[in-house]
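Structural overview
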Amino acid sequence: ADFCATNPHRRIGVAVVPVTAGVDDAVAEIHAAAGRALRGVMIPTRWFDAPAYIDPCYEPVWAACAEAGMVLHTHSGAGPADYPLGPGFLSIYAAEAWWWAARPFWVLVLSGVFERHPDLRYSIAENGAWWVPDIVTRMDEKWEGAHNTRKFGDAFRLDLSMRPGAYVDRNCFFAASTPGADEIVRRHQIGVGNLLWGNDLPHPEGTYPHTRKWIAERFRAVPQDETAAILGTNAAAVYKVDVDALREVSDRIGPTPADVHG
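The structure reproduced in this document is the subject of the present report. Predicted model, so just to flag it, every value in this text is computed and none were measured. (Residues numbered from 1 in each chain as written. Predicted model: local features only at pLDDT ≥ 70, side-chain atom pairs only at ≥ 80, totals over all residues. Heavy atoms only, no water.)

Here the focus is the pattern of salt bridges. Here the structure, examined in full by the defined rule, presents eleven salt bridges. Among the salt bridges present, the one from R186 reaches D134, with a minimum N-O distance of 3.2 Å. Here R186, found in the loop between α8 (181-185) and α9 (187-190), pairs with D134, found in helix α6 (residues 132-144); they are 52 residues apart in sequence, far enough to count as distant. The shortest N-O distance in the salt bridge between R163 and D140 comes to 3.0 Å. Of this pair, R163 sits in the loop between α6 and α7 (164-171) while D140 sits in helix α6, and the two are 23 residues apart along the sequence. R163 sits in the partly exposed class, given a relative accessible area of 32%. Note on D140: relative accessible area 10%, which makes it buried. (Salt bridge = Lys/Arg side-chain N within 4 Å of Asp/Glu carboxyl O. Helix = DSSP H or I, 4+ residues; strand = E, 2+ residues; numbered from the N terminus. Buried < 20%, exposed > 50% of the residue type's maximum accessible area, 1.4 Å probe, protein only.)

This is the structure in structure tokens:
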């Protein structure tokens, strides 16, 4: 909070709040973080032996975030832990890690968290967004009652007044770092207004110090308005950034449309 306060228009602070360790303490920490001008909270991707995020015990957490205007986050990294080191360990871990990072997404959507808290915003950091269209399509199909879900009756509609994809469009954002070519191609299926650029500084799979090159490579053929949304204005809206206060620095360091689109 102290670091962000030295340049509040450029820096957005997110508090790590281990909600699985105690809801009352977490709620107090959320309000304290908001009071220090932080703009979001990060919760664990995995709940392990604590109650899952479908549990009503977390309702005060979601309510506190919505009330304080704090963006809720999960972040990739906590992957499977039920096999030992051995042949293919790293490859297997990498193949499965995205699923663990994505799991809170459909738990929050399908358990009605965004139905009950329409002002709550949720962002998945680092985990990409290539998987989003297929998951949302399947969730919507079940809600609408496609042939292979009819045996469940109205079970998929009991907690949701809208199709799952409508909550995704309204409440969910995907900070893909670094966005792959497939995510740019699928941006309309993901939602141009839901996709945020990430560069994963300082990890080697990030873009520093070649961010301009990466942006030009990924967005050269993308319309200028969509490029601007994904690179900045989406995030500015989600985190309530004062874009006028940033005008001088953005004009000074770019990138400009000419840098990106040639």
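What follows is about the sheet that holds strand β6 (residues 195-198). In spatial order, the strands read β1-β2-β3-β4-β5-β6; together these six strands make up an open sheet with parallel pairing. Every other strand in the sheet has two partners, leaving β1 (14-16) and β6 as the edge strands with one partner each. Averaged over all neighbouring strand pairs, the angle between strand axes comes to 25 degrees, with direction disregarded. Pairing analysis gives three bridges linking strand β2 (residues 40-42) to strand β3 (residues 71-75), with the strands arranged parallel. Looking at the pairing, V41 lines up with L72 of β3. (Pairing = 2+ DSSP bridges. Axes fitted to C-alpha atoms, helices over the stretch in contact; angles between N-to-C directions.)

What follows covers unusual backbone geometry. Excluding glycine, residues mostly have negative phi values, and the peptide bonds linking residues are mostly trans. Looking along the chain, the bond that leaves Y208 and enters P209 is cis, with omega of 0 degrees. Tracing the backbone shows P209 in the loop between β6 and α10 (211-219). The linkage connecting G254 with the following residue, P255, adopts the cis geometry, with an omega of 0 degrees. Structurally, the position occupied by P255 is in the loop between α12 (243-253) and α13 (257-261). Phi is positive for F48, close to 50 degrees, though the residue is something other than glycine. Turning to its location among the elements, F48 is positioned in the loop between β2 and α3 (59-68).

The next subject is the pairing of strand β4 (residues 122-125). Where a strand is regular, its side chains alternate between the two sheet faces. Burial along β4 is two-sided: Y122 and I124 facing one way and S123 and A125 facing the other are all buried. Here β4 runs beside strand β5 (residues 172-177); their pairing, made up of four bridges, is parallel. Paired with A125 across the two strands is A175, which belongs to β5.

So, about helix α4 (residues 89-110). Spacing of three or four residues puts side chains on the same side of an α-helix, whose turn is 3.6 residues. Taking 1.5 Å as the rise per residue, α4 with 22 residues should run 32 Å; its terminal C-alpha atoms sit 32 Å apart, in good agreement. The sharpest bend along α4 measures roughly 35 degrees and falls at E96. Those residues of α4 not exposed but buried are A97, W100, A101, A102, P104, F105, W106, V107, L108 and V109. Positive backbone phi, approximately 85 degrees, marks G112, located one or two places after α4. (Expected span 1.5 Å × (residues − 1). Bend = angle between axes of the 7 residues up to and from the residue.)

What follows covers the packing of aromatic side chains. What the rule picks out here adds up to 16 aromatic pairs. Where W98 meets W131, the ring centres are 5.9 Å apart and the plane angle is 35 degrees; that geometry is what we call tilted. Taken together, the residues W98 in helix α4 and W131 in the loop between β4 and α6 connect sequence positions 33 residues apart. Members of the aromatic cluster, each reached through a chain of ring pairs, are W98, F105, W130, W131 and F174. Over the face of the ring belonging to F3 we find R11, whose NZ or CZ atom lies 3.8 Å from the ring centre. The ring of W100 carries the charged tip of R46 above its face, separated from the ring centre by 4.0 Å. (Phe/Tyr/Trp six-rings, centres within 6.5 Å; stacked < 30°, edge-to-face > 60°. Lys NZ or Arg CZ within 6 Å of the ring centre and 35° of its normal.)

The subject of this paragraph is the layout of surface pockets. Considering only enclosed or pocket space, the second largest pocket measures out at about 150 Å³ in volume. Residue lining of the second largest pocket: W98, E126, N127, G128, W130, S177, T178, G180, D182, E183, D200 and E205, and that is the complete set. Of the residues contributing to the lining of the second largest pocket, the split by class is two nonpolar, five polar and five charged. (1 Å grid on protein atoms, 1.4 Å probe; cavity = no way out; pocket = protein on both sides within 12 Å on 5 of 7 lines; lining within 4 Å. Points joined across faces, edges and corners; volume = space filled by probe spheres on them. Nonpolar A, V, L, I, M, F, W, Y, C, P; charged D, E, K, R; others polar.)

Attention now moves to the environment of Y53. By the element assignment, Y53 lies in the loop between β2 and α3. Taking the relative accessible area as the measure of exposure, Y53 reaches 1% and is therefore buried. Here the alpha-carbon distance between Y53 and L108, two residues 55 residues apart in the chain, equals 6.9 Å. Ignoring anything within four residues of it in the chain, the contact list for Y53 reads V19, T20, I43, P44, W47, Y58, W62, P104, V107, L108 and S111. Side-chain polar atoms of Y53 contact the backbone oxygen of P44, separated by 2.7 Å. (Contact = heavy atoms within 4.5 Å. Polar contact = N/O pair within 3.5 Å; in protein donor to acceptor, adjacent residues only side chain to side chain.)

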